[in-house]
Each structure stands twice: as C-alpha cells, then as structure tokens.
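Examination of the molecular architecture
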Amino acid sequence: MNFAFRKSESRQPRARVAPASVIAVASGKGGVGKTWLSTTLAASFAKMGRRTLLVDGDLGLANVDVQLGIAPETDLAAVIAGWVELEDAVTPINGGAGASCGFDVLPGRSGSGALAGLPPDEASRLAAGLTALSLQYDIVLVDLGAGIEDNVMRLARACDRCLVVATDEPTSMTDAYAFIKVLRGYAPSVQPWLAINMADTRVAGRRTYEALARASQTFLGFRPPMAGIVLRDPKVREAIRQQKTLVSIDPQAQAALDAAQIAEALVRGGAEGVAQSA
Ligand SMILES: Nc1ncnc2c1ncn2[C@@H]1O[C@H](COP(=O)(O)OP(=O)(O)OP(=O)(O)O)[C@@H](O)[C@H]1O
Ligand SMILES: [Mg+2]
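The text that follows walks through the structure, step by step, so that each part is easy to find. Nothing here was measured: the structure is a model prediction, and the numbers come from that model.

Examining the overall build of the chain
In terms of regular secondary structure, the chain is built from 11 helices and eight strands. When each of the 278 residues of the chain is scored for burial, the buried share is 49%. Long-range contacts, defined as pairs at least 24 residues apart, comprise 76% of the intrachain contacts of the chain with a sequence gap of at least 6.

Next comes the structure, spelled out in structure tokens:
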C-alpha cells in the first residue's frame, strides 16, 4: 500500500515548542474500559486546554466512533487503502483540537476488519505517520485493541507512555501483567502506567494496583506509576448508550471526575501521579 503523510492544505499545523505526549491505552484483556477511558481522557485533556488527538488504534474492532456517536467520512481504513492522507482522516469533535472542549479523532472502521490483518510494515508505517502527526498536538491518545499481538505492540512502541488499564478480575490482572512484560521486551523505552477501572471502592482499587505493581517490581524489576482509580459508575454505561462523552453529559459524575484526575496525573508526570492516587 502507498500512503504518504504530507501536510494537509486544509489544516493549519501549529508551531510547537515541545513534542506531544503520545500515550497508548492498553490492557491485554478486552472489555476493561480502554475505549471509554480513552474518549473520556480525550475530553478531559481538551477541557484542560490541551490540543488533543484521539486515535482509534483498535485495528480489529474499532469503536471510538461508536462511543462518540460520529459517522466519519474518512477513517484509518481509507488511509491504509491509499484513498486519503493520514491528516485528512482527522475528524473534529466539538470544533476540533484547539476549540473549547474540542478534540480531534482519527477513527477506525467499526466491524470492517479492514485493519485487522495489517502487514507488519504497514502497521509500522502507520505508527511512523502517527508520530509525525503528533507534532501538531499536545497530547495524542491511542486506544489500542486487546491482546498482545505484534501490531498492538507496534503501535504501543510509537508511544511515550502506555496507560495499562486493569480491573480487579484475576484475568484482567494477569493479562495486564503479561502486557507490561511483553511491552518491556518489545519497547523498553515506553513507560507503562497503571489505571484501575471499575473499582468498587478506592481501597479495593488501591489493592489491585499494589498487587500488579508488586508483581512487576518482583519479576520485572520496576514499579509502574499509578495514574489513578476509576470507580464503577452506572453513568458510564448511560453515556456509552447515548454515544456521548460522560464529560459532556455529566461532568460531575464520579467516573468523569476520576478520569479527569488521571488526565491531570498524566500531565503532571510520574512522581506526582503516584502521590495523587495514594
Ligand atoms: N468505570 C466504569 N463503570 C461502569 N462501567 C464501566 C466503566 N468503565 C467501563 N465500563 C463498562 O465496560 C464496558 C466496556 O468498555 P469498553 O468498550 O471501553 O472496553 P474496552 O476495553 O475498550 O473493550 P475492547 O477490549 O473490546 O475494546 C462498557 O460498555 C461499559 O459499560
Ligand atoms: Mg475498546
């Protein structure tokens, strides 16, 4: 395939003083809330005034567009097919990045399977294109697919940090640990962070974090920083059902506030991120 990453004439790239922070959202196990957290973090970063791009990096079962209730004209599948440039597949939400509470999305294509079997060189090329595009943003979030396949890791490798989402279910914890372990081997420069989702209480969430951090410390020799805990909140399901971000429909909902704290921890960086969540 042949897709170039030229500068779009229609979009005005912004001069940047520092490279964007590119953050993958991963989990190993499916269904733990990666996509919901990615969309909610994108809205939170936008609210904080950060120019934000949300990339649907779930090449097999993309659904950022579904959770946001958008029907994009172009998407990553069109980019891979060589029909549009990467920049031109960007869809603005609420006026797009730079607008008040707006952000940009690079959507996948729900259920098409078009990107599921992407050859390795094209996945790497896509990752390189995202790195180039990230120069126009403060924050780039990449919602990864579940699992630890090579293409998931190829996209993760293009990121600075990887927010690994886990719940208290043993399968989620095992898979989150496996993801961190594989990431350390595949992309040692990418810093894994942990977020605990759907916690019943903060104490329970903290316990889940400690168990994962301890396993990582013991067997991998490092302790991933804690980004934060999101409590289980029925309003998450309601927001997804309405295909809107929780930040836009109920910014005071507990899960929206928890996600905003994670966004702040990620912006502030490691040590403070650990402190705020203690
Ligand atoms: N904090 C929360 N409180 C309550 N429910 C939640 C919370 N976070 C996520 N959920 C529920 O979990 C479901 C799965 O979320 P989501 O689709 O974001 O997971 P995912 O990790 O992206 O899944 P996949 O691996 O299939 O891409 C949502 O439909 C939502 O109902
Ligand atoms: Mg998802």
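There is more to say, and it comes next.
Structural notes on unusual backbone geometry
In this model, C101 sits at a positive phi of 65°, which is unusual for a non-glycine residue. Assignment of secondary structure puts C101 in the loop between β3 (91-93) and β4 (103-106). The partly exposed category is assigned to C101, around which 17 C-beta atoms lie within 10 Å. Although it is not a glycine, M198 sits at a positive phi angle of roughly 55°.

A look at the packing of helix α6 (residues 170-186) against helix α7 (residues 202-220)
Here α6 crosses α7 at 35°, and the two axes come no closer than 10 Å. Between α6 and α7 the crossing geometry is right-handed. For the pair formed by α6 and α7, the contact residues are M173, A176, Y177, I180, K181 and R184 on the first element and T208, A211, L212, A215, S216 and L220 on the second. Per-class residue counts for the contact of α6 with α7 are eight nonpolar, two polar and two charged.

Focus: the sheet that holds strand β6 (residues 161-166)
Neighbouring strands of a sheet are bound in pairs by backbone hydrogen bonds; such pairs are parallel or else antiparallel. The strand order β3-β4-β2-β5-β1-β6-β7-β8 describes an open sheet built from eight strands, whose pairing is mixed. Looking at the sheet topology across the chains shown, the edges are occupied by β3 and β8 (226-231). Taken over all neighbouring pairs, the strand axes of this sheet differ in orientation by 25° on average, direction set aside. As paired strands, strand β2 (residues 52-57) and strand β5 (residues 139-144) are joined by six bridges and run parallel to one another. Directly across from D56, in β5, lies its bridge partner D143. Against the sheet, α7 contacts β6, β7 (191-199) and β8, and its axis sits at roughly 145° relative to β7.

Section: the site of ligand 1
What surrounds ligand 1 is a group of 19 residues, the closest being G30, G33, K34, T35 and W36. Of all elements in the fold, only α1 (34-47), β7 and α8 (234-242) reach the threshold of two or more residues within the shell around ligand 1. Grouping the amino acids of the shell around ligand 1 by side-chain chemistry returns eight nonpolar, six polar and five charged.

Let's talk about the nonpolar core
Judged by nonpolar contacts, the single largest core of 87 residues is most densely connected at A24, A156 and V164. Here the element with the most residues in this core is helix α10 (residues 254-268); it accounts for eight residues. The residues contacting V164, other than those within four sequence positions of it, are A26, S27, A176, F179, I180, P192, W193 and L194.

Focus on the pairing of β2
Burial analysis of β2 places six of its six residues in the buried class, the great majority of the element. Where burial is concerned, the two faces of β2 agree: the one with T52, L54 and D56 and the one with L53, V55 and G57 are both buried. Both β2 and β4 contribute to a ladder of three bridges, which runs parallel. The residue bridging V55 from the neighbouring strand is L106, located in β4.

Observations regarding the pairing of β4
Side chains F103 and V105 project from β4 onto one buried face, and the interleaved D104 and L106 project onto a second face that is buried too. Bridging between β3 and β4 involves three bridges; their strand directions are antiparallel. Across the sheet, P92 pairs through a bridge with D104, a residue of β4.

Basis of the calculations
- Residues numbered from 1 in each chain as written.
- Chains lettered and ligands numbered in written order.
- Predicted model: local features only at pLDDT ≥ 70, side-chain atom pairs only at ≥ 80, totals over all residues.
- Helix = DSSP H or I, 4+ residues; strand = E, 2+ residues; numbered from the N terminus.
- Buried ≥ 20, exposed ≤ 12 C-beta atoms within 10 Å, placed from the backbone.
- Contact = placed C-beta atoms within 7 Å.
- Axes fitted to C-alpha atoms, helices over the stretch in contact; angles between N-to-C directions.
- Left-handed = near helix turned anticlockwise from the far one by under 90°.
- Nonpolar A, V, L, I, M, F, W, Y, C, P; charged D, E, K, R; others polar.
- Pairing = 2+ DSSP bridges.
- Near = placed C-beta within 6 Å.
- Core = buried A, V, L, I, M, F, W, Y, C linked by C-beta atoms within 7 Å.

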